[in-house]
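# Summary of structural features
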Amino acid sequence: MGVGTVAAGVAKAKADVILVSGYDGGTGASPRSSIQHAGAPWELGLAETNQTLLLNDLRSRVILETDGQLKTGRDVVIACLLGAEEFGFATAPLITLGCLMMRVCHKNTCPVGIATQDPRLREKFAGGADAVVNFMNFVAEEIRETMAKLGFRTINEMVGRVDKLELRKAINHWKAKGLDYSAILHRPDVGPEVGTYCQMKQDHLLDRSLDNREILKRAMPAIENGQAVNIDLPVINTDRVVGTITGAEISRKHGPNGLPEDTVKINLAGSAGQSLGAFCPKGMTFTVTGDTNDYLGKGLSGGKIIVRPPEDSPFVAHENVIAGNVCFYGATAGQAFVSGVVGERFCVRNSGVHAVVEGLGDHGCEYMTGGLVLCLGKTGRNFGAGMSGGVAYIYDEEGDFVSTKLNTEMVKTYPLVECDDHEIDLIKSLITRHVEYTDSPRGIDLLNDWSSAAEKFVKIMPEDYERVLFALKKAEERGLEGDDAIQAAFEENVAAGH
Amino acid sequence: MGKPTGFLEHERQSIPDRSPLERIKDWKEIHEPFDEDKVRQQGSRCMDCGTPYCHTGMTLANMASGCPINNLIPEWNDLVYKGKWRDALARLHKTNNFPEFTGRVCPAPCEGSCVLGVIEPPVTIKSIECSIIDKGFAEGWVTPQPPARRSGKKIAVVGSGPAGMATADQLNKAGHLVTVYERADRIGGLLLYGIPNMKLEKEIVQRRVDLMAAEGIKFVVSTEIGKDLPAKSLLEDFDSVVLCCGATKPRDLPIEGRELKGVHYAMEFLTINTQGLLELKDVTAFETAANSKDVVVIGGGDTGTDCVGTSVRHGCKSITQLEIMPRPPEERADDNPWPEWPKVYKMDYGQEEAKEVFGEDPRNYLTMTKKFSGDDQGNLKGVIICDIEWKMEDGRYSPVEVQGSEREIPAQAAFLAMGFLGPEDTIAEELGLARDSRSNVQADYGRFSTNIEGVFAAGDMRRGQSLVVWAINEGRAAARECDRYLMGETSLP
């Protein structure tokens, strides 16, 4: 399967925990090329992973975790003997809480009040933490009993002791005839110097990060006293997660609201490494002149990120990639202005960022639940798949976006020009700001010929989201506010059978 | 199912009963006709559960949980909700030969295990079932379906209760020539004479019998195997014999005064009553059994309830029902969780009627009968009872009399409804059938073959007294095994 190779790689790349997740996960959304290999038993992946880590003397620096239908102490012991030291449970504790496996988690009708937002049903929830504690106590007790039988005092002693596993002799089904378990039950011959369970912490070399070398100390006046700072630095692609440590300090000191906009300005020149600006709060502004790698602005929480080519760049910005894949994944708030094309899965699971780009790859805005995406150029295929919230505007120069690129399962489209003036002005002002920040030639062109450019913008709106927004507006007109208005809108939709 | 939010929008509403004071004036069924739209609405309450316990038919804590014949309940609930009645009927008949019986008399273990019951009153499965088949008959959708081919095999089914009828129906569908023997004058067994008319109208039983006759089943009445016809002759004349003779031996109460005039087994009383109704079509002529009498019913089960309802219709002077167990709780006890059969206090039709007429629930819990007292002519005049407590003795609970609680209640009629012990001995002895420790005919569940080759046993005769659905379950399964025995393979479910 190759999972051992992957594990060795991530262990070298300083992973703290490696999770081998077996059985049901990943079976639905896998690409066609790997779906035949998804949903395999954790026993296979775990054995291979543990053996590979041992052979490369990497086992002692990572925690190996496994999950996938673990339900009993016996399951845990077997997982441990095959090499795991941490164990994930989900289904079984859920059952102890009262889950009846109705498989209606997506319908908001969970009758026992677990997977529902409906207050009438949430009232029916009869479970409690004690039941989970009780269940876990039983699991632990069963583990303890088995350990006593096997002669182990601690989990650490037991990790990877496949020699304690025996094949059931009673299996004489004809299908079992050709099966050879020796690879699973193999224990690599390594010396006593090789640790067989997690014994040391990974050195993440954080002291070498750009934040710890430069940014954090230069941002101190801002963090301590709210004083605006301007930090100019070169950047190279080994500088990963630039700004995140500084952002964490801002959040620690100032809470979720961060600092006033543009308090900490970080101006970078060069090619930034992965995850620039990840999770950064309000008050931080990154301006990258050059390009950025994957995961730009992942989980962005209020910060502002500007990426633009150098002034002397010979490329046509809206035809060339400037940032990698999966930018602004899971972002919750903030702004982004990217003068160029970004990779695949742009703004997947975005719930609040307002982003302007000049082109994007496949699966844009997938599973987006909020925020705004304005794309001034071409997109890849499958745009808006599973998009349940937020709004997107695409400059559809060739007029083929809806017919060839958009996934229409959950969204509706409108020509921008049919929207109200307020909305058209909003798009125009966003382009204006994009030009201010990036000098985008594409933006300038569009503004120069705005009346005909506006004709080519398509608005993408999730159907359910639109209906809820409408209900919310009605509730607010009735004088309801805040959560009350949201609840009223929600109930109106439930009553209508949505 | 079709409507995920149905259970949030509609409350449980069974087909309503006629008012007690109204319905005790006649012997017609206690239910009102069903309202199609309301039943459809009730069908929408079904939740399309991931694990629909309603059709599992498990045994939990010695009680049925879910439908013993595995009715495809979520499917026909949905079809009814969508108004596809004819499809629902086909789906219902797939597993149930006689939904018009179970829809009326089944205690509905399906509803006890309905997942909706975890949070609110369960889906009205029984009412929906009954509505589907009633509509089917009303629309003329239920017509004789004789088998296309005959196998040439001949099978005798002894007993025409629900097990015998189900066996006969299935074997006939498989193309065998079936003859059903019944010792009573009419077909139906307990369905006919055991269950009173207000619970299951006898025309409904006859309607199904007529249908089966039209499909080619031969019914022979007033012929008791072992008396009128030797059981051995069946072995000679038929390729196989399926015994479905029921567990008709009633539990007696051998106490002082048992021989007094006026002390009867419940089944005698109910049988005479229904016979009278069928023969005379007139209630006045046979209502002397309980008319103007103080009636005591001993036993708190369904048969006891039927005695209460029947006595009330006879115009009894008073009615008392004695139950040795304590009054069940209003809601499930902690040791009786869903999806077990809910052991909770219920007001059945007979008690409801007695309460309307006499002002109170006729049931007395934790009481034991000590003796019957009589007058000089040997007529019953009273029942001496006492209160009891259940005490643990030698590792089991036994009833212990509460000192000073003995008292006499007036009674000119007493009916013993304390259950049944097992099958009668006639056929078993003649054929030399092996019996189990409870005197039932020995045949493994799933195989149903007795110790005599080609002879099968099913229903109460094999499992002891039980529900109509279990009888249908066993009848169907025994038919399958009989078919396999005769043909070497079977396609019966």
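Anything mentioned here points back to the structure above.
The numbering scheme is per chain: residues are counted from 1 as the chain's sequence reads. Key to labels: chains lettered from A, ligands numbered from 1, both in the order written. In keeping with the model being predicted, local features are shown solely for residues with a pLDDT of at least 70 and side-chain atom pairs are shown and tallied solely at 80 or more, while totals for entire chains, interfaces and linings include all residues. Only hydrogens and water are removed before side-chain values are computed, so all heavy atoms of the structure are retained for them.

## Here we look at unusual backbone geometry
Omega for the peptide link from W338 of chain B to P339 of chain B comes to 0°, which places this bond in the cis form. Turning to its location among the elements, P339 of chain B is positioned in the loop between strand 10 (318-322) and helix 15 (349-358). Positive phi outside glycine occurs at C347 of chain A, with the angle close to 60°. Secondary structure is summarised from DSSP: a helix means a run of H or I of at least four residues, a strand means a run of E of at least two, and numbering begins at the N terminus for each. Relative to the helices and strands, C347 of chain A resides in the loop between strand 10 (341-342) and strand 11 (351-357). Look at N62 of chain B: it is not a glycine, yet its phi comes out positive at around 65°. Topologically, N62 of chain B is positioned in the loop between strand 1 (58-60) and strand 2 (63-65).

## Description of the packing of helix 3 (residues 73-81) of chain A against helix 6 (residues 129-150) of chain A
All names here are of chain A. Each axis is a line fitted through C-alpha atoms, taken for helices only over the stretch in contact, and angles between the N-to-C directions span 0 to 180 degrees. The contact between helix 3 and helix 6 brings their axes to 7 Å, and the two run at 55°. By the angle class used here, helix 3 and helix 6 are oblique. Like other packed secondary-structure pairs, helix 3 and helix 6 cross with a definite hand, here right-handed. Seen from helix 3, the contacting residues are G73, R74, V76, V77 and L81; seen from helix 6, they are V139, E142, I143, T146 and L150. For this classification, under 35 degrees means roughly parallel, over 145 means roughly antiparallel, 65 to 115 means roughly perpendicular, and everything else is oblique. Throughout, a crossing is termed right-handed when the near helix is turned clockwise from the far one, and left-handed when it is turned anticlockwise from it by less than a right angle. By the convention used here, residues are in contact when the closest approach between their heavy atoms is within 4.5 Å.

## A closer look at the packing of helix 1 (residues 3-12) of chain A against helix 2 (residues 42-55) of chain A
All names here are of chain A. Where helix 1 contacts helix 2, the axes come no closer than 8 Å and their chain directions differ by 50°. Here helix 1 lies oblique to helix 2, going by the angle between them. Considering the relative orientation of helix 1 and helix 2, their crossing is right-handed. Along its contact with helix 1, which presents V3, G4, T5, A7, A8 and A11, the element helix 2 presents G45, E48, T49, T52 and L53. Classifying every residue of the contact of helix 1 with helix 2 by side-chain character gives five nonpolar, five polar and one charged. For this classification, Asp, Glu, Lys and Arg are treated as charged, while Ala, Val, Leu, Ile, Met, Phe, Trp, Tyr, Cys and Pro are nonpolar and the rest, including Gly, are polar.

## Digging into helix 12 (residues 441-448) of chain A
Residue and element names in this part refer to chain A. For every residue, the accessible area (1.4 Å probe, protein chains only) is compared with the maximum for its type, and the residue is labelled buried under 20%, exposed over 50%, or partly exposed between those bounds. For helix 12, the complete set of buried residues consists of R442, G443 and L446. The arc that holds the buried residues of helix 12, viewed along the axis, is 100°, so those residues lie on one side. Projecting away from the buried face of helix 12 at angles above 90 degrees are the exposed residues D445 and N448. Directions drawn from the helix axis to the C-beta atoms are what define this arc.

## Focus on the sheet that holds strand 10 of chain B
Hydrogen bonds between backbone groups are what pair the strands of a sheet, and the pairing can be parallel or antiparallel. Residues and elements named next belong to chain B. Between any two strands, pairing holds if DSSP finds at least two bridges. If you walk across this open sheet you meet the five strands as 8-16-9-10-11, and the pairing is parallel. Looking at strand neighbours, the two that pair on one side only are strand 8 (263-265) and strand 11 (363-364), the edges of this open sheet. With three bridges connecting them, strand 8 and strand 16 (residues 413-416) associate as parallel partners. For H264, the partnering residue across the bridge sits in strand 16 and is F415. Packing of helix 14 (residues 302-314) onto the sheet brings it into contact with strand 9 (294-298), strand 10 and strand 16, and relative to strand 10 it is tilted by some 175°.

## Some words on the interface of chain B and chain A
With 14 residues of chain B at the contact, the number on the chain A side is twelve residues. In total, chain B and chain A occlude about 1,200 Å² of area from one another, counting both sides; carbon and sulfur atoms represent 67% of this. The term buried area refers to how much accessible surface (probe radius 1.4 Å) is lost by two components on association, counted for both of them together. Contact with chain A buries area across many residues of chain B, yet L8, G50 and I119 of chain B alone supply 39% of it, more than any other trio. Any carboxyl oxygen of Asp or Glu within 4 Å of a side-chain nitrogen of Lys or Arg constitutes a salt bridge here. Here chain B is connected to chain A by two salt bridges. Note that E120 of chain B is salt-bridged to K124 of chain A, the shortest N-O span being 3.7 Å. Under the rule applied, a polar contact is a pair of N or O atoms within 3.5 Å (in protein, one hydrogen donor and one hydrogen acceptor; residues adjacent in sequence only if both atoms are side-chain atoms). Connecting chain B to chain A are zero residue pairs in polar contact (both at pLDDT 80 or more). Looking at the side of chain B that touches chain A residue by residue, the classes come out as nine nonpolar, three polar and two charged.

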